[in-house]
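Each chain, letter by letter, is given below.
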Amino acid sequence: MPPHSPHHEESARLPEAVVVSASVAPVPEPFYCRRCRRALNVRLNNRGLIVEYLHAAEQRGQPSDHRPEPAPLTEIPDPIIDCDFCSAPDAAWIYRCANQITDARRVTAQVIAVGDYQTRHHAARVRRTDAEHAFTQAWGEGWSACDGCADLIEARDLYGLIGRVVEALPAKLTRGKHLMRTRGQLHERYSDVFATLVPGRGRIAPGQPLGIWTHPTGEAS
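The shown structure was predicted, so the numbers you read here are calculated from the model rather than taken from an experiment. (Residues numbered from 1 in each chain as written. Predicted model: local features only at pLDDT ≥ 70, side-chain atom pairs only at ≥ 80, totals over all residues. Heavy atoms only, no water.)

Asks: Help me out: how do you make sense of the environment of Gly202 in this one?
Replies: Structurally, Gly202 can be placed in strand S7 (residues 201–205). Residue classification places Gly202 among the buried residues on the basis of a relative accessible area of 0%. Linking Gly202 and Ser144, residues 58 residues apart in sequence, is a C-alpha distance of 9.0 Å. For Gly202, the residues in contact, after removing those within four places along its chain, are Ala92, Trp93, Ile94, Gly211, Ile212 and Trp213. (Helix = DSSP H or I, 4+ residues; strand = E, 2+ residues; numbered from the N terminus. Buried < 20%, exposed > 50% of the residue type's maximum accessible area, 1.4 Å probe, protein only. Contact = heavy atoms within 4.5 Å.)

See the structure below:
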């Protein structure tokens, strides 16, 4: 996904990973924007400190006209909960899994041979690339889903879910050679989601943005 420049570093750390249980509501609580009432993603530096809040829509290649104003979801009046998969409005369900982490690195230097550069000029082959940690993307434990994506999750149809999400993405992320890369990223991310799903799911309802959690037996908590 397109990189973004980090905002000011904050002293707060994300909550430590916890052992998930189907007997309690999803935690930790996600961040939302006070201004637009939509979901935010969190980026960390190599010390685990929050350096950026990013609108979830920007992760899907869509622009935002304002800086995030982060707050816990339950502090947002009437939050707008979109599907975390296909971005459809009015998500209906919350799923819970292990926290997903993605590390991104930035190129700091590229080394080529002098003789190679003299003969090939700007087409010289790169002999070594040096890189450093740029940020860590924390996707969180809770994933909201519309009814369509939820049906594919319930069926554990990984490729069906990827196909549905790709169709909803901007063309710049799926055109030509970008399609294979995007599908590969989605496959890696959603494979982890499927592999660590907690039994049951939460039904999003008015006043219940974290979901009314339903156990596999059908009992609500």
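Asks: How should I be thinking about the packing of helix H4 (residues 158–168) against helix H5 (residues 178–195) in this particular structure?
Replies: Packed helices, taken two at a time, are described by the angle between their axes plus the distance between the axes. Across the interface, H4 lies against H5 with an axial gap of 10 Å and an inter-helix angle of 130°. Classified by the interaxial angle, the pair formed by H4 and H5 is oblique. Relative to H5, the crossing made by H4 is right-handed. Contacts from Leu158, Tyr159, Leu161, Ile162, Gly163, Val165 and Val166 of H4 reach H5 at Leu179, Arg183, Leu186, His187, Tyr190, Ser191 and Phe194. Taken together, the residues that form the contact of H4 with H5 break down as ten nonpolar, three polar and one charged. (Axes fitted to C-alpha atoms, helices over the stretch in contact; angles between N-to-C directions. Parallel < 35°, antiparallel > 145°, perpendicular 65-115°, else oblique. Left-handed = near helix turned anticlockwise from the far one by under 90°. Nonpolar A, V, L, I, M, F, W, Y, C, P; charged D, E, K, R; others polar.)

Asks: Please clarify how the packing of aromatic side chains should be interpreted in this entry.
Replies: Here the distance between the centres and the angle between the planes together describe a pair of aromatic rings. As enumerated under the stated definition, the model contains four aromatic pairs in all. An aromatic cluster of at least three residues, connected via ring pairs, comprises Phe85, Trp143 and Tyr190. Stacked on the ring of Trp93, the Lys or Arg Arg201 has its end atom at 3.5 Å from the ring centre. Sitting over the ring of Trp93, Arg203 keeps its end group 4.5 Å from the ring centre. (Phe/Tyr/Trp six-rings, centres within 6.5 Å; stacked < 30°, edge-to-face > 60°. Lys NZ or Arg CZ within 6 Å of the ring centre and 35° of its normal.)

Asks: Help me understand the pairing of S7 in this model?
Replies: The two faces of a sheet get side chains in turn, since along a regular strand they alternate between them. The alternating pattern of S7 places Gly202 and Ile204 on a buried face and Arg201, Arg203 and Ala205 on a face that is not buried. In this sheet, strand S8 (residues 208–214) lies alongside S7 in antiparallel orientation, the contact comprising four bridges. Residue pairing across strands places Arg203 opposite Ile212, the latter belonging to S8. Hairpin remark: S7 followed by S8, antiparallel, with two residues in the connecting loop; positive phi at Gly207, about 80°. (Pairing = 2+ DSSP bridges.)

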